[in-house]
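For reference, the chains in residue letters:
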Amino acid sequence: MKPAPFTYYRPTSLGDAAQRLRDGADEGALVIAGGQSLVPMMALRVAYATELIDLNALDGLGTPRVEGDSFVIPTLTRHATFHDTDAAPAPLGALLHGVAEHIAHYPIRQRGTFGGSLSHADPSSEWCLVTATLDGTIHLLSADGPRTVEAADWSDGPMSTTREPDEILTEVRLPLLPGNTLWGFYEFNRRAGDFALGMALCVLEMDGDSVAAARIGLGGIEDHPRRIPEAEDALVGQPLDAASIGAAASAAMLAVDPMEDATTSAEYRRDLTGTVITRALEAARNRAPAPAETA
């Protein structure tokens, strides 16, 4: 199939883009960044746009930067930016690199964007999971001015967000991670590059051998990625060992409300919850430095 007819507009400033979107939002105008999700959906006529407003000519929307204790990721930042572990300060850079390797396929990572992924809000989006787990903030712009949304308030269902139709996602801000951070990510899909049936990201601050603070996020299991506080509580104050990992996985399995579809039952996803959390935590444990040898 081919997309329905639409008008193409290439603004020269962010303000111009915001005003153009305001003028056309009620009729179905949409913003395009990388187009790796929107264009196929339009070709299949799952999505319709009366006008596409292309952000790619705008300066300043594609280079990440550090500001204070935050890492700022502009909306046009390509997934492939994080093929380089030094794209963000350590250990955040290593985390973003490790996650980026699981996004679709190499050619898609060259064009797909961080902001586009957040706007598309697929339950299996790796960047939505990262933003939710790290309690990032999403920054929006409309003709009325800027607005900020906390990650926990961003998704309100599968492929649905709290962004207004006339708002443009301009950047995402993630906190920098302290040096005592261990992280682990695990994603399960039937074939490499397919959408994940379930994935987990854990970010742990360590105090010696004990977990001082924990962030554990799940994606692909429920209708949007989110942190699982019950699993986090099972880890804090405990050594990162088989017992605490098992307790966190069990707590998460009880806490989730899994999706169900024609090919995957809710009970399968509940069981998968335990698997992905266990493997993500084991990956974090494997990153712990080896104990110092004593004389």
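Up top you'll find the structure we're talking about.
Residues numbered from 1 in each chain as written. Predicted model: local features only at pLDDT ≥ 70, side-chain atom pairs only at ≥ 80, totals over all residues. Heavy atoms only, no water.

## Quick word on the overall build of the protein
Broken down by element type, the protein carries nine helices and 14 strands. Against the globule reference of 19 Å for 295 residues, the protein gives a C-alpha radius of gyration of 20 Å, in line with a compact fold. With the principal axes as the frame, the protein shows a C-alpha extent of 70 × 45 × 35 Å. Every one of the 295 residues in the protein was classed for burial, and the buried ones make up 48%. Counting contacts in the protein only where the partners sit at least 6 residues apart, residues at least 24 apart contribute 62% of the total. Summing over all exposed atoms, the protein offers an accessible surface of approximately 13,500 Å²; the carbon and sulfur share of this is 51%. Charge centroids of the protein, computed over 22 positive and 41 negative side chains, lie 7 Å from each other. (Helix = DSSP H or I, 4+ residues; strand = E, 2+ residues; numbered from the N terminus. Rg over C-alpha atoms; globule rule 2.2 N^0.38 Å. Buried < 20%, exposed > 50% of the residue type's maximum accessible area, 1.4 Å probe, protein only. Contact = heavy atoms within 4.5 Å. Areas by Shrake-Rupley, 256 points an atom, 1.4 Å probe, with all protein chains shown as cover. Lys, Arg positive; Asp, Glu negative; His and termini not counted. Charge placed at Lys NZ, Arg CZ, Asp CG, Glu CD.)

## Digging into unusual backbone geometry
Geometrically, the link from Ala90 to Pro91 is a cis peptide bond, its omega value of 0° lying close to zero. Within the secondary structure layout, Pro91 lies in the loop between strand S5 (70-74) and helix H3 (92-100). Unusually for a residue other than glycine, Asp135 sits at a positive phi of about 55°. Among the secondary structure elements, Asp135 is positioned in the loop between helix H6 (126-133) and strand S6 (137-142). In the Ramachandran plot, Met159 falls in the positive-phi region, its phi being about 55° despite a non-glycine side chain. Residue position: Met159 is located in the loop between strand S8 (155-157) and strand S9 (160-161).

## Some thoughts on the pairing of S6
Most of S6 is tucked away, with six of its six residues classed as buried. The alternating pattern of S6 places Thr137, His139 and Leu141 and Ile138, Leu140 and Ser142 on opposite faces, both of which are buried. Relative to strand S7 (residues 145-150), S6 is paired through six bridges, and the arrangement is antiparallel. Residue pairing across strands places Leu141 opposite Pro146, the latter belonging to S7. Connecting S6 to the antiparallel partner S7 that follows it, the hairpin turn spans two residues. (Pairing = 2+ DSSP bridges.)

## Re the pattern of salt bridges
One pass over the structure, following the stated rule, counts 16 salt bridges. A salt bridge links Arg191 to Asp194, with the nearest nitrogen and oxygen atoms 3.1 Å apart. Each of the salt bridges in this network shares a partner with another, and the network as a whole consists of Arg65, Glu67, Glu171 and Arg173. (Salt bridge = Lys/Arg side-chain N within 4 Å of Asp/Glu carboxyl O.)

## Topic: the pairing of strand S2 (residues 29-32)
Of the pairings in the sheet, the one linking S2 to strand S3 (residues 51-54) comprises four bridges and is parallel in character. What sits directly across from Ala29, in S3, is Glu51. For the crossover from S2 across helix H2 (residues 38-43) to S3, the handedness is right-handed. (Right-handed = clockwise from strand over helix to strand, strands pointing away.)

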